[in-house]
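Summary of the model geometry
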Amino acid sequence: MKKKIALITGITGQDGAYLANLLLNNNYKIFGAYRRSSSLNLWRLEELGILDSIELVSFELLEKSNIERVIKLINPDEIYNLAAQSYVGTSFENPIYTTQANALGALRILESIRMINKNIKFYQASSSEMFGEGIPQKLNEKSMFHPRSAYAVSKVFGHQITINYREAYGIFACSGILFNHESPLRGTEFVTRKITSTLAEIQAGRKKTLELGDYYAKRDWGYAVDFVEGIWRMMQNDKPKDYVLATGEAHSVKEFATIAARTMGFDLIWKGKKTNEYAIDKNTKKVLIKKNSKFYRPSDVSFLRGDAKEAKKDLGWKPKVKFKELVKIMVESDKKKSLKGKILQ
Ligand code: NDP
Ligand code: GDP
């Protein structure tokens, strides 16, 4: 049987690496789209041992001519658009770039598909950040959007334009509204991996404290390996449709940090008032975790929890790894990495 060809944008990121691994196991030929820089960031593909199985192509979300050339050259069966300026914090510093990359980047790819070959299937990486603030119920595909950052606004555009190209031109275009998903391959600027990597560095004696922003923000954190399986299933669906992927549980940053510190072997005691809480290591009496207002955002999302019933019903998808196991996987990986040398943060 002819191998399916997939183009994965954002191949150097967390999801790009895990999705490539999954597709290779399903006998795909993979083209991995990376953006050219002075030092290429291939550590995730190396860590999974799949770098040699992927054909890398230079790709830039901001450059329509480049996108067209890549699509014409490869003529893929499926395009997974995972590339993005993916960090909410940076989108407050670089809102225009974030919009160019995330919103117009998705449109540039869709427009290229429309011009070159409308049979190419398209996946857009939408985000639970689109829902924004203040909804205690579990969020699903029908919930309202109230984006709270330029990142979230840019993702709403990417989401809506994907639906529009499906409706207007009959393209198999779908979006996954994914709640936060983490792993040992998560970037260290995101709070989960920041916690596990910094605690590992503290244990190795190379750092003193872990400084965080809002301890009480809650997220529905799942395991990235489970989530890329859901992405792939959406693209094998009978018809293009958008789905929420989530675990259905919400936990706070403080809970994540507490379990991570204990799993790392620290005996943690929380002290102080809610506005100025800190944690000390019972054995050394040193401050291990403290607040730093620098990590607060001008507008944040305090609570997110998703409902993936529809994905379970139609795609047979459900997450396997639960919260505590996820923390353990990440702590153990960073513990091992820190024994080999400094974890780059
Ligand atoms: P990462 O930050 O790990 O990866 C982002 C990728 O996009 C990197 O490969 C990066 O390349 C690439 N990229 C950034 N800017 C450009 C550009 N201008 N042109 C081409 N490539 C670019 O993100 P994840 O793997 O975690 O997430 C994948 C997608 O899913 C993203 O779109 C993200 O916004 C979305 N998402 C993620 C969630 C999560 O919890 N992980 C939740 C919901 C949505 P480089 O290595 O050069 O920086
Ligand atoms: P996000 O959901 O995509 O923004 O993922 P993050 O991992 O960056 O942030 C999750 C939540 O943790 C947000 O509400 C942040 O404000 C909160 N948070 C608290 N302290 C920190 C911190 O030090 N770094 C980051 N990245 N987030 C923090």
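Scope of this entry: the structure provided in the associated data block. (Residues numbered from 1 in each chain as written. Chains lettered and ligands numbered in written order. Predicted model: local features only at pLDDT ≥ 70, side-chain atom pairs only at ≥ 80, totals over all residues. Heavy atoms only, no water.)

What about the nonpolar core?
Here is the rule: The nonpolar core is taken to be a set of buried Ala, Val, Leu, Ile, Met, Phe, Trp, Tyr and Cys residues, with the residues joined through side-chain atoms within 4.5 Å. Categorising residues by exposure relies on relative accessible area from a 1.4 Å probe, with only protein chains included: less than 20% of the type maximum marks a residue as buried, more than 50% marks it as exposed, and the intermediate range marks it as partly exposed. The helix count covers DSSP runs of H or I at least four residues long, the strand count covers runs of E at least two residues long, and both are numbered beginning at the N terminus. Residue contacts are counted whenever heavy atoms from the two residues lie within 4.5 Å of one another.
One finds I8, L19, L23, Y80 and Y123 to be the most contacted residues of the largest nonpolar core, which totals 37 residues. Listed by contribution, the elements that provide at least two residues to this core are β1 (5-9), α1 (14-25), β2 (29-34), β5 (121-127), β6 (173-178), α8 (224-235), β11 (243-245) and α10 (309-315). With 7 residues, the single largest contributor to this core is α8. Every residue in contact with I8, bar those within four places of it in the chain, is listed here: G16, L19, A20, L23, I30, F31, G32, A33, Y80 and L82. In terms of nonpolar packing, the next biggest core, distinct from the first, is built from 28 residues, A217, V253, F256 and V327 among them.

Quick look at unusual backbone geometry
Phi angles above zero are rare outside glycine, and N27 is one such case at about 65°. Along the polypeptide, N27 turns up in the loop between α1 and β2. Backbone geometry places K285, a non-glycine residue, at a positive phi of 65°.

Description of the packing of helix α5 (residues 95-116) against helix α6 (residues 150-169)
Where we set the bar: Think of each axis as a best-fit line through the C-alpha atoms, taken over the contacting stretch in the case of a helix, with angles from 0 to 180 degrees between the N-to-C directions. Put simply, angles under 35 degrees are roughly parallel, angles over 145 are roughly antiparallel, angles from 65 to 115 are roughly perpendicular, and the rest are oblique. Crossing handedness follows the turn of the near helix against the far one: under a right angle anticlockwise gives a left-handed crossing, and clockwise gives a right-handed one. Here the nonpolar group is Ala, Val, Leu, Ile, Met, Phe, Trp, Tyr, Cys and Pro; Asp, Glu, Lys and Arg are the charged ones; every other residue, Gly included, is treated as polar.
Between α5 and α6, whose axes approach to 8 Å, the crossing angle comes to 10°. Viewed along their axes, α5 and α6 adopt a mutual orientation that is roughly parallel. Viewed along their axes, α5 and α6 form a crossing whose handedness is right-handed. Along its contact with α5, which presents P95, T98, T99, N102, A103, L104, A106, L107, L110, E111 and R114, the element α6 presents A150, Y151, S154, K155, F157, G158, I161, T162, Y165 and Y169. A breakdown of the residues in the contact of α5 with α6 according to their chemical character gives 12 nonpolar, 6 polar and 3 charged.

Digging into the sheet that holds β6
Stated formally: Strand pairing is defined by DSSP finding a minimum of two bridges between the two strands.
An order of β3-β2-β1-β4-β5-β6-β11 is seen for the 7 strands of this open sheet, with the pairing classed as parallel. Each having just a single partner strand, β3 (55-58) and β11 make up the two edges of the open sheet. Neighbouring strand axes in the sheet, compared pairwise and without regard to direction, differ in orientation by 25° on average. In terms of strand pairing, β6 meets β11 through 3 bridges, oriented parallel. Each bridged residue has a counterpart across the sheet, and for L178 the counterpart in β11 is L245. Along the sheet, α1 makes contact with β1, β2 and β4 (78-81), crossing β1 at roughly 170°.

What about the site of ligand 2?
Threshold: Residues are classed as near a molecule or strand on a simple rule: at least one heavy atom within 4 Å of it. Think of a polar contact as two N or O atoms within 3.5 Å of one another; within protein, one of them needs to be a possible hydrogen donor and the other a possible acceptor, and neighboring residues in sequence only count if both atoms come from side chains. The protein chains shown are the only cover counted for residues, whose accessible areas, like all others here, come from Shrake-Rupley with a 1.4 Å probe. Domain ranges listed in this record stem from an automatic or a database domain assignment.
The local shell around ligand 2 holds 19 residues, among which E129, K194, R219, R297 and D300 are the closest. Contacts to ligand 2 include Y87, whose side-chain N or O atom sits 3.1 Å from a nitrogen atom. Contact between ligand 2 and K194: an oxygen atom at 2.7 Å from a side-chain N or O atom of the residue. When ligand 2 sits alone it has 530 Å² of accessible area, and the protein chains cover 98% of it. The set of elements that each furnish at least two residues to the shell around ligand 2 consists of α7 (191-203) and β8 (210-212). Looking at side-chain class alone, the shell around ligand 2 contains 9 nonpolar, 2 polar and 8 charged residues. Residues from two domains meet in the shell around ligand 2; each of domain 1 (4-182 + 220-245) and domain 2 (191-218 + 251-303 + 322-340) gives at least three.

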